[in-house]
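If you want the building blocks of each chain, they are given just below.
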Amino acid sequence: MAAKEPSPIVKSYLILYNAAQVVGWCYMLYQLIAYYTIDKGTEKTLWDYLGFTVILFQNAALLEIVHAFTRIVPSNPVITTFQVLSRVMVVCGVVMATPTGKVSPGLPLAILAWSVTEIIRYAYYALNLIDAVPQLLIFLRYTTFIVLYPTGVTGELLCFFWAQSHVTNTKQWSIEMPNTYNFTFSYLYFLWAVMLLYIPLFPQLYLHMFAQRKKILGSGSSSGATKQKHN
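Thresholds applied
Every chain is numbered independently, its residues counted from 1 as its sequence is written. The predicted origin of the model limits local features to residues at a pLDDT of at least 70 and limits the giving and counting of side-chain atom pairs to 80 or more, whereas totals for whole chains, interfaces and linings rest on all residues. For side-chain calculations, the full set of non-hydrogen atoms in the structure is used, while hydrogens and water are omitted. A run of H or I in DSSP counts as a helix once it spans at least four residues, and a run of E counts as a strand once it spans at least two, with each numbered from the N terminus. Radius of gyration: C-alpha atoms only; globule rule: 2.2 Å multiplied by the number of residues to the exponent 0.38. Burial classes follow relative accessibility: with a 1.4 Å probe on protein chains only, a residue under 20% of its type's maximum area counts as buried, one over 50% as exposed, and anything between as partly exposed. Residues are treated as being in contact if the distance between any of their heavy atoms lies within 4.5 Å. Every accessible area reported is derived by Shrake-Rupley at a probe size of 1.4 Å, with residue values counting cover from the shown protein chains alone. In this tally, Asp and Glu contribute negative charge and Lys and Arg positive charge; neither His nor the terminal groups of the chain are included. Note on charges: their place is set at NZ of Lys, CZ of Arg, CG of Asp or CD of Glu. Nonpolar cores were defined as sets of buried Ala, Val, Leu, Ile, Met, Phe, Trp, Tyr and Cys residues, with membership established by side-chain atoms within 4.5 Å.

Draft legend 1. Geometry of the overall build of the protein. Check the secondary structure of the protein and you find 10 helices and zero strands. Taking 2.2 N^0.38 as the reference for a compact globule, 231 residues should give roughly 17 Å; the C-alpha atoms of the protein span a radius of gyration of 19 Å, in line with that estimate. Seen through its C-alpha atoms, the protein measures out along the principal axes to roughly 60 × 50 × 35 Å. Relative to its 231 residues, the protein shows a buried fraction of 45%. Of all intrachain contacts in the protein linking residues separated by at least 6 positions in sequence, the fraction that spans at least 24 positions is 74%. Total accessible area computed for the protein in this model is approximately 12,000 Å², and 71% of it derives from carbon and sulfur atoms. The average position of the 15 basic charges and that of the 9 acidic charges among the side chains of the protein differ by 11 Å.

Draft legend 2. Region of interest: the nonpolar core. Grouped together as the largest cluster of nonpolar side chains are 55 residues, with contacts concentrated most on V54, V94, I111 and F160. Those elements that provide at least two residues to this core are α1 (8-36), α2 (46-59), α4 (77-95), α6 (106-128), α7 (135-141), α8 (145-170) and α9 (187-217). Of the residues forming this core, the biggest block, 11 residues, is contributed by α9. If we ignore the near neighbours within four places in the chain, the residues touching F160 are M89, V90, V94, L191, V194, M195 and Y198.

Draft legend 3. Inspection of unusual backbone geometry at higher detail. A cis amide bond, omega -5°, links M177 with the succeeding residue P178. Mapped onto the elements, P178 comes out in the loop between α8 and α9. Even without a glycine there, the phi angle at D131 is positive, about 55°. One can find D131 in the loop between α6 and α7. Look at N182: it is not a glycine, yet its phi comes out positive at around 55°.

Take a look at the structure:
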């Protein structure tokens, strides 16, 4: 079901939201590059260097779930929820939560893939709202995911994997028997369960993007893309 044309107030809000996200992710990409170039040799870890930016703008994406469920944008609520919560889980439940997650080799991979993807995606959304999406941006929106999605997923899974050693040793956020509530919970098993969910879900999301690519670029026209209003 397509979303109706947003009211002027909602439209202005969506433009500002997406524009702010473009600025934030551009700054994050700059920080990532600066960490390995002009600030190379700093005693800070990558997470210490740009963690606040990641926390702020990745968690701001939670608003996209609200946008989807309230139908002010036509995004699929289920797909949007998985995409957003999977990243929030990496940021809050893995990297922020564990010292080993912060030093995972997957962290720079994930941030690189996320930042480039989000700069393109949010710029597309903002310009789409004013019917001003250039053909190059449409092409990038429906092409760069071919490399960036697998790169991001690899980075995310590496963060999960690196976090496990700390969770195993400390039994962090786990509840063992016996206890008053006769309840047990293993955060380590939970991490593994989330990792295993990538097996059935990632191919579906990846193929969904290929289907969208064929739909948008297959016609060889940008008009179809610019008529689809997104968040």
